[in-house]
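Secondary and tertiary structure notes
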Amino acid sequence: GAVVSQHPSRVICKSGTSVKIECRSLDFQATTMFWYRQFPKQSLMLMATSNEGSKATYEQGVEKDKFLINHASLTLSTLTVTSAHPEDSSFYICSARIGRGVSTDTQYFGPGTRLTVL
Amino acid sequence: DAKTTQPNSMESNEEEPVHLPCNHSTISGTDYIHWYRQLPSQGPEYVIHGLTSNVNNRMASLAIAEDRKSSTLILHRATLRDAAVYYCILRDSYRHGGSQGNLIFGKGTKLSVKP
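The structure reproduced in this document is the subject of the present report. Predicted, not measured: the structure shown is a model, and the values here were computed from it.

1. Quick notes on the layout of surface pockets
The probe, sized like a water molecule, is rolled over the atoms to show the empty space still left. Counted as a void, the largest pocket has a volume near 640 Å³. In terms of lining residues, the largest pocket is bounded by 23 residues, among which Q38, K41 and Q42 of chain A together with Q38 and V85 of chain B are the most central. Of all the secondary-structure elements, those providing two or more residues to the lining of the largest pocket are β8 (84-91) and β9 (109-114) of chain B. When residues of the lining of the largest pocket are assigned to their parent elements, the largest contribution, 4 residues, is made by β9 of chain B. For the lining of the largest pocket, a count of residues per class yields 10 nonpolar, 9 polar and 4 charged.

Written as structure tokens, this is what we have:
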């Protein structure tokens, strides 16, 4: 099956620093990639959608200047959390979709990145 | 987006069948029903999806009511590895535009499997 990887799997950083998370589709080309955030004991919250070569579409309430998304190729998307603060500590999950967005398209999820901001 | 309603939690015994219900009374005619599950500290995993007919795959079966206002995910023999949060999601039809067919997660059903 299709595999999505994330790197790093876990990161601890100091408040005020920036952290970059990579998401790669290993054996397929993803037309669209998604970034989710999940706080403890809560469901996944969609942060943004990105298509290769174009600007990301952010969900309401998500600061685009704080969460920078770059989708440089059909197999790689990055999420940079800029000037991270303790409230940004969360589980960040990416997913990738093959196809053009019809209802039958399956989304494949990465294993997640645990971010802890001290 | 059309909403789904699932029980917060369910318990099952190992090697017994599990029926996970989902209500979606406001489903539109072109919405597909998707099921994903999330094991602890992992990303979600695709389970199954369908439109009108019942569907089977190696992981599970999906039974869809005739009026499509509800569906049931069936795990035929639960194992300890099936303990997870199961999400029933209506997939926004691309043809209706706007949200690019995004997956919007609700709270899901936390399934516990007892040995």
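Having put the structure on the table, let's press on.
2. Considering the sheet that holds strand β2 (residues 18-23) of chain B
Residues and elements named next belong to chain B. One open sheet holds the 4 strands; their spatial order is β2-β7-β6-β5, and the pairing between them is antiparallel. At either margin of the open sheet sits one strand with a lone partner, and together these are β2 and β5 (55-56). Sheet topology places β5 next to strand β6 (residues 61-64); 2 bridges connect them, and they run antiparallel. Opposite V55, over in β6, you have L62 as the bridge partner.

3. Some words on the sheet that holds strand β7 (residues 67-73) of chain A
Note on sheets: strands pair through backbone hydrogen bonds, and any given pair is parallel or antiparallel. Residue and element names in this part refer to chain A. One open sheet accounts for 4 strands, arranged β1-β3-β8-β7; its pairing is antiparallel. Two strands lie at the open edges of the sheet, namely β1 (4-7) and β7, each paired on one side alone. Sheet twist, expressed as the mean angle between neighbouring strand axes with direction ignored, is 15°. Two strands pair when backbone bridges link them, and strand β3 (residues 19-25) and strand β8 (residues 76-81) are joined in this way by 6 bridges, in the antiparallel orientation. Of the residues in β8, the one forming a bridge with K20 is T80.

4. Details of the state of the cysteines
What is meant by a disulfide is a covalent connection between two cysteines, made through their sulfur atoms. Residues and elements named next belong to chain A. Applying the stated criterion to the full structure yields 2 disulfides over all chains. Covalently, C23 is tied to C94 through a disulfide, its sulfur atoms 2.0 Å apart. The sign of the S-S torsion, about 80°, decides the handedness of the disulfide formed by C23 and C94: right-handed. Here C94 lies in strand β9 (residues 90-97) and C23 lies in strand β3, a separation of 71 residues in the sequence.

5. Brief notes about the side chain of D82 of chain B
Residues and elements named next belong to chain B. Relative to the helices and strands, D82 resides in the loop between β7 (70-75) and β8. On the basis of relative accessible area, D82 is assigned to the buried category, the value being 12%. For D82, the contacting residues outside a window of four places in its chain are R37, L75, R77, L111 and V113.

6. What to know about the environment of S41 of chain B
Structurally, the position occupied by S41 of chain B is in the loop between β3 (32-38) and β4 (45-50). Ignoring sequence-local partners within four residues, the contact set of S41 of chain B consists of F91, P111 and R114 of chain A.

7. Digging into the packing of aromatic side chains
Evaluation of the coordinates by the stated rule reveals 9 aromatic pairs over all chains. Ring plane angle 65° and centroid distance 6.3 Å describe the contact between Y36 of chain B and F105 of chain B, whose orientation is recorded as edge-to-face. Here Y36 of chain B, found in strand β3, pairs with F105 of chain B, found in the loop between β8 and β9; they are 69 residues apart in sequence, far enough to count as distant. Residue classification places F105 of chain B among the buried positions, given a relative accessible area of 9%. Three or more aromatic residues joined by ring pairs form one cluster here, namely Y36 and F109 of chain A together with Y36, Y46, Y87 and F105 of chain B. We note K66 of chain A situated over the ring of F67 of chain A; from NZ or CZ to the ring centre the distance is 6.0 Å.

Reading the values: the criteria
Each chain has its residues counted from 1, following the order in which its sequence is written. The lettering of chains begins at A and the numbering of ligands begins at 1, in the order of writing. pLDDT decides what is reported in this predicted model: residues at 70 or higher carry local features, side-chain atom pairs at 80 or more are listed and counted, and totals for whole chains, interfaces and linings draw on all residues regardless. Only hydrogens and water are set aside when side-chain values are computed; all heavy atoms of the structure are taken into account. Two kinds of site are reported from a 1 Å grid over the protein atoms alone, namely cavities, where a 1.4 Å probe fits but cannot get out, and pockets, open sets with protein on both sides within 12 Å along at least five of seven lines, and residues are called lining when an atom falls within 4 Å of a point. Grid points are joined across faces, edges and corners, and a volume is the space filled by probe spheres set on the points. Helix and strand labels come from DSSP, where a helix needs a run of H or I of at least four residues and a strand needs a run of E of at least two; each type is numbered from the N terminus. In the scheme used here, Gly and all other residues not listed as nonpolar or charged are polar, with Ala, Val, Leu, Ile, Met, Phe, Trp, Tyr, Cys and Pro taken as nonpolar and Asp, Glu, Lys and Arg as charged. Here the rule is simple: two strands pair whenever DSSP picks up at least two bridges between them. Lines fitted to C-alpha atoms define the axes here, with helix axes fitted over just the stretch in contact, and angles between the N-to-C directions of these axes take values from 0 to 180 degrees. The definition used for a disulfide is geometric: two cysteine sulfur atoms within 2.5 Å. Whether a residue is buried, partly exposed or exposed follows from its accessible area with a 1.4 Å probe, protein chains only, as a fraction of its type maximum: under 20%, in between, or over 50%, in that order. Residue contacts are defined here by distance: any two heavy atoms, one from each residue, within 4.5 Å place the two residues in contact. Between 30 and 60 degrees the pair is tilted, below 30 it is stacked and above 60 it is edge-to-face, where a pair is any two Phe, Tyr or Trp rings, Trp via its six-membered ring, whose centres lie within 6.5 Å. Look at NZ for Lys and CZ for Arg. If either is within 6 Å of the ring centre and within 35 degrees of the ring normal, a charge sits over the ring.

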